[in-house]
Amino acid sequence: MSPQPRAAVGARLSRVDGRHKVTGQALYAAEHDVDGAAHAVTVDASIGRGRITAIDTRAALAHPGVLHVISHRNAPTLPYRDNTASNNPPGHRLRVFQDDKVLFHGQPVAVVIATTLEAAQHGASLVKISYTAEKPATDLTEAEPDKPTNYTRGDAEAALRTADVRLGLIYRTARNHHNPMEPHATIARWNGHRLTVWDKTQWVVGTQTELAAVFGLPLASVRVISPFVGGGFGSGLRCWPHTVVAALAARVAKRPVKLVLSRRQMYFSNGFRPSYEYRLQLGSNRRGRLTAMAHEMDAETSSYETFTEGVMQPGQMLYSTPNVSQAYRTVPLDVNTPIWMRGPGFATASYVIESAMDELADKLGIDPIELRRRNEPDLDESSKLPFSTRRLRECYTIGAREFGWHRRDPKPRSRREGNWLIGMGMAAGVYDTVRVTAQARIRLNADGTAVVEAASSDMGPGTYTSQTQVAADALGLTVPTVTVRLGDSLFPPTPPHGGSMTMASVGSAVLDGCNQVRRQAITLAIADRESPLHGADTDDIVVQGGRLHVKNNPARGETYRALLARNGHAHLEALGTFTGPDGKQRYSFYAYNATFAEVAVDAELGLVRVRRMLGVYDAGRIISPKLAESQAIGGIVGGIGTALLEHTATDHRDGRIVNANLADYLVPVNADVPDVKVIYLDGEDHEADPLGVKGLGEVVHVGVAPAIANAVFNATGRRIRQLPITADALL
Ligand code: MOS
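Residues numbered from 1 in each chain as written. Predicted model: local features only at pLDDT ≥ 70, side-chain atom pairs only at ≥ 80, totals over all residues. Heavy atoms only, no water.

Trainee: Please clarify how the overall build of the chain should be interpreted in this entry.
Mentor: The helix and strand tally for the chain stands at 16 helices and 30 strands. A globule of 731 residues ought to have a C-alpha radius of gyration of about 27 Å, and the chain, at 27 Å, matches this closely. Dimensions of the chain, computed from C-alpha atoms along their principal axes, come out at roughly 80 × 75 × 50 Å. Here the chain, with 731 residues, has 62% of them falling under the buried criterion. Look at the contacts in the chain between residues 6 or more apart in sequence, and 81% of them connect residues 24 or more apart. Summed over all atoms, the accessible surface of the chain reaches about 27400 Å², with 50% contributed by carbon and sulfur. (Helix = DSSP H or I, 4+ residues; strand = E, 2+ residues; numbered from the N terminus. Rg over C-alpha atoms; globule rule 2.2 N^0.38 Å. Buried < 20%, exposed > 50% of the residue type's maximum accessible area, 1.4 Å probe, protein only. Contact = heavy atoms within 4.5 Å. Areas by Shrake-Rupley, 256 points an atom, 1.4 Å probe, with all protein chains shown as cover.)

Structural data, given as structure tokens:
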């Protein structure tokens, strides 16, 4: 078949669902109007570890409107079958209301169901729970780590001993919580043995498999619906206890139940970016060529599941280093299980490595960009594979030019405006190009419109829009004639909507399905004696604006409508499939960036203000430039949060999170976000996937925090080796 003209892909479209969103027609989980829904509010453990000894529900049950109180004392036993088709980390998942154990502060231990939200909330406050409490272990540095996962090449220890320059650095990062605008929420409804849930999730298929496993149901008996997600940074990547609680409550109450987490509860049992202690030793020669890196990473996990993320990869492939050793240890704590959060693992590793490279540059008196250029690898030294595409050098060149890097004085504390110390910093970022098997159903209707269906969520990056663009070009339709439907487990299965894998995976499935449908139409036309295209060559036909025609003779052709009507087809349909890579890969696939920051630090107060940011990205083909730009701005804003503001604070005496609200857990607001510029390199990576995309939701976040930290050093001469960099640390 002839390649299709590009019209929609690459166009600066606004969101196709924008009007729905601003007019309130886009329904989020809690907004679905399910008849007769009762309200559920959980009671959360007020101890950090121990056992429940008594539950007094009398006052709650006596409260008007309260229908039921469920706890381990009266909950039905749930099968909790194993589920490998989910994002559950290895371990024993938290089984809601199945025993008297409290594993972390804030664990749901009971649920009150009432006719109104107010009655459920008040009822929950009336449930009296007695505990025997033990002191929880919630401090990363005070608990016993698990056995490490190791990586070695060469002999880092020996190389460090003989290195011209050797740095031994310890960095610490805070726990970060996802704070999407939409809180997690679930409405559950049973119909006999069939369960339907409206849920905030980034993976309807994962939530479906988990609910089927927990309740012992066939997969087909569970339907998960999630057409719109009000922001997500990873907390929706697995099914959390509250979703099971809602389904359990609906079963006990024998009516639909709605459960919405409060902002406070969003800090309890739906994951977080784990805090790390990351010890890094660097060895280099005088000219700045790295000779060794030794990484030791300790990260939080829960006592019941072992959560890991891609924190080891950057240290293995970002720079050329003959000798590398890594030890990654999870530390089981009395906390709930962490989960991936934007740029998971990579963002943390990049903060450490990119800060250390800046320290090395300063020590050697080499420009930080030049230092990185000197250590640019020719191939992926961990896999020995060539890079499919790696254009980090161009990111540096363009970034330096656009940001005015030459104006940076390498000597810290050399630029001052009144009380403000001004500094510039930069960092490189990298993220895995993840591609996973996905499917999508395409239907071309007799009226010349098309519908695309895939289970994938759209948590905000604009998946409705970008998939519309892909489908419109592959079918040869205009954007308004294509409708994309997402977020329903009845649609063809797709991978988690996270890890920057959606466009490569789901997009390639959409492309495949549309190509199949276009081929069906072309084949039909060629075979049809009444078609002007009868007997034409398949490879000569393109479709534009819903009309098939010969490429070099646009007059010879006809519309889909005419073709389908004459042939008596109500529609043409195909199931598009993308098969993710399996077995041996021939290339190393990553997306890259260079991120630049300029900060002003109040010399007396230690207050850091970001003044300018620039991100330059090698992310493959950009399907939807306006949304990609918005995605990058969001990634940078998130990075400002990680660098300067976000810190989940735990009281280690009882495991309580003390800032579980948006007044005390600081996220960037408009006043914290300066002039942000983003530039995508023009290019495609066709080794990665048929669309040539490399994924961009993560890479735009990775590298932001170290760029800011390095700018703070350049401004002040102070190297703060922990995130967030707060005013008190700088005093
Ligand atoms: Mo994100 S960690 O890709 O939801």
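After that view, the rundown keeps rolling.
Trainee: Explain the side chain of Asn 87 to me, please; I cannot follow it from the model alone.
Mentor: Following the sequence through the fold, Asn 87 ends up in the loop between strand S3 (66–71) and strand S4 (101–102). Look at Asn 87 and you get buried, because its relative accessible area is 16%. Reaching out from Asn 87, the side chain makes a polar contact with the backbone oxygen of Leu 237 at a distance of 2.7 Å. Aside from chain neighbours lying at most four places away, what touches Asn 87 is Trp 203, Leu 237, Arg 238, Trp 340 and Pro 496. (Polar contact = N/O pair within 3.5 Å; in protein donor to acceptor, adjacent residues only side chain to side chain.)

Trainee: Please explain unusual backbone geometry as it appears in this structure.
Mentor: Generally, phi is negative for residues other than glycine and the peptide bonds are trans, each holding for most cases. The omega torsion of the bond from Leu 723 to Pro 724 falls at 0 degrees, within 30 degrees of zero and hence cis. Within the secondary structure layout, Pro 724 lies in the loop between strand S30 (722–723) and helix H16 (727–730). Positive phi is not limited to glycine here, since Phe 97 has a value of about 60 degrees. Following the sequence through the fold, Phe 97 ends up in the loop between S3 and S4.

Trainee: Any chance you could explain the sheet that holds strand S16 (residues 416–417) here in plain terms?
Mentor: Backbone hydrogen bonds hold the strands of a sheet together, and the pairing may be parallel or antiparallel. Here 5 strands make up an open sheet; going across it, the order is S16-S17-S25-S26-S29 and the pairing mixed. Looking at strand neighbours, the two that pair on one side only are S16 and strand S29 (675–680), the edges of this open sheet. Pairing geometry for strand S17 (residues 420–432) and strand S25 (residues 590–602), over 13 bridges, is antiparallel. Of the residues in S25, the one forming a bridge with Gly 423 is Val 599. Contacts from helix H8 (residues 346–364) reach S17 and S25, with the element oriented near 130 degrees to S17. (Pairing = 2+ DSSP bridges. Axes fitted to C-alpha atoms, helices over the stretch in contact; angles between N-to-C directions.)

Trainee: Teacher, can you tell me more about the packing of helix H14 (residues 625–645) against helix H15 (residues 704–716) here?
Mentor: Axis angle and axis distance: for two packed helices, these are the angle between their axes and the distance between the axes, and together they describe the pair. The contact between H14 and H15 brings their axes to 8 Å, and the two run at 55 degrees. When the interaxial angle is binned, H14 and H15 end up oblique. Here H14 runs over H15; the crossing is right-handed. Counted together, Gly 635, Ile 636, Gly 639, Ile 640, Thr 642, Ala 643 and Leu 644 of H14 and Val 704, Ala 705 and Ile 708 of H15 form the full contact between these two elements. Residues belonging to the contact of H14 with H15 are distributed by class as follows: 7 nonpolar, 3 polar and no charged. (Parallel < 35°, antiparallel > 145°, perpendicular 65-115°, else oblique. Left-handed = near helix turned anticlockwise from the far one by under 90°. Nonpolar A, V, L, I, M, F, W, Y, C, P; charged D, E, K, R; others polar.)

Trainee: When you look at the pattern of salt bridges in this model, what are you seeing that I'm missing?
Mentor: Side chains bearing opposite charge may pair, as long as their charged atoms lie close to each other. Across all of its chains, the model carries 41 salt bridges by this definition. Of the charged contacts in the structure, one is a salt bridge between Glu 684 and Arg 6, with a shortest N-O distance of 2.6 Å. Separated by 678 residues along the polypeptide, Glu 684 in the loop between S29 and H15 and Arg 6 in the segment before helix H1 (18–22) bring together distant segments of the chain. Judged by relative accessible area, which is 34%, Glu 684 ranks as partly exposed. Residue Arg 390 pairs with Glu 376 through a salt bridge whose shortest N-O separation is 2.6 Å. Of this pair, Arg 390 sits in the loop between helix H9 (368–374) and helix H10 (392–403) while Glu 376 sits in the loop between H9 and H10, and the two are 14 residues apart along the sequence. On the basis of relative accessible area, Glu 376 is assigned to the buried category, the value being 8%. One salt-bridge network, in which partners are shared between bridges, spans Arg 172, Glu 277, Arg 279, Glu 296, Asp 298 and Arg 329. (Salt bridge = Lys/Arg side-chain N within 4 Å of Asp/Glu carboxyl O.)

Trainee: How should the sheet that holds strand S24 (residues 571–578) be read in this particular structure?
Mentor: Here we have 4 strands laid out as an open sheet, ordered S20-S19-S18-S24, and mixed in their pairing. One side of each edge strand has no neighbouring strand; the edge strands of this open sheet are strand S20 (482–486) and S24. Neighbouring strand axes in the sheet, compared pairwise and without regard to direction, differ in orientation by 15 degrees on average. Across 4 bridges, the pairing between strand S18 (residues 438–445) and strand S19 (residues 450–454) is antiparallel. Within S19, the position partnered with Leu 444 by the bridge is Ala 450. Of the strands in this sheet, S18, S19 and S20 touch helix H11 (residues 463–475), which is tilted by about 135 degrees from S20. Relative to the sheet, helix H12 (residues 502–527) contacts S18, S19 and S24, its axis offset from that of S24 by approximately 145 degrees.

Trainee: What is the right way to look at the pairing of strand S8 (residues 165–173) in this model?
Mentor: A regular strand places its side chains on the two faces of the sheet in alternate fashion. Residues of S8 alternate between two faces, with Val 165, Leu 167, Leu 169, Tyr 171 and Thr 173 buried on one and Arg 166, Gly 168, Ile 170 and Arg 172 left unburied on the opposite face. In the sheet, S8 pairs with S30 via 2 bridges, with the strands oriented parallel. By the bridge assignment, Arg 172 is partnered in S30 with Gln 722.

Trainee: Explain the environment of Val 610 here, please?
Mentor: Assignment of secondary structure puts Val 610 in strand S26 (residues 608–618). In the structure, Val 610 is positioned 64 residues away from Pro 674 in sequence and 6.2 Å away in space, judged by C-alpha atoms. Leaving out residues up to four positions away in the same chain, Val 610 has contacts with Glu 598, Val 599, Ile 640, Leu 644, Asp 672, Pro 674 and Ile 708.

Trainee: Any chance you could explain the environment of Pro 386 here in plain terms?
Mentor: Structurally, Pro 386 is set in the loop between H9 and H10. In this structure, the C-alpha to C-alpha distance between Pro 386 and Val 700, residues 314 residues apart in sequence, is 23 Å. In this structure, Pro 386 is in contact with Leu 379, Arg 586, Tyr 587 and Ser 588, ignoring residues within four places of it in sequence.

Trainee: I keep staring at the nonpolar core and nothing clicks. Help me out?
Mentor: What tends to happen in soluble globular proteins is that the nonpolar side chains get buried as a cluster. If you look at the biggest cluster of nonpolar residues, it comprises 91 residues, and the most contacted ones within it are Tyr 319, Val 599, Tyr 680 and Ile 708. By residue number, the principal contributor to this core is H8, which donates 11 residues. Not counting residues up to four positions away in its chain, the partners in contact with Tyr 319 are Arg 153, Leu 290, Met 293, Ile 353, Glu 354, Met 357, Arg 372, Asn 375, Pro 377, Glu 381, Tyr 396 and Ala 428. Formed by 50 residues, the second largest nonpolar core is a distinct cluster that contains Val 484, Leu 486, Val 517 and Ala 536. (Core = buried A, V, L, I, M, F, W, Y, C linked by side-chain atoms within 4.5 Å.)

Trainee: Explain the packing of aromatic side chains to me, please; I cannot follow it from the model alone.
Mentor: Each aromatic ring pair is described using two quantities: the centre-to-centre distance and the angle formed by the ring planes. In total, this model carries 16 aromatic pairs according to the counting rule given. Here the basic side chain of Arg 435 rests over the ring of Phe 589, its NZ or CZ set 3.9 Å away from the ring centre. The positively charged end of Arg 719 is found above the aromatic ring belonging to Phe 713, 4.1 Å away from the centroid. (Phe/Tyr/Trp six-rings, centres within 6.5 Å; stacked < 30°, edge-to-face > 60°. Lys NZ or Arg CZ within 6 Å of the ring centre and 35° of its normal.)

Trainee: What exactly am I supposed to notice about the pairing of strand S13 (residues 276–284) here?
Mentor: Most of S13 sits inside the fold, with 8 of its 9 residues counted as buried. Looking at chain direction, S8 and S13 are connected through 9 bridges and run antiparallel. Paired with Leu 167 across the strands is Leu 282, a residue of S13. Alignment of S13 against strand S14 (residues 290–302), held across 9 bridges, turns out to be antiparallel. Of the residues in S14, the one forming a bridge with Arg 279 is Glu 296. Linking S13 to S14, which pair antiparallel, is a turn of 5 residues; within it Gly 288 sits at a positive phi near 90 degrees.

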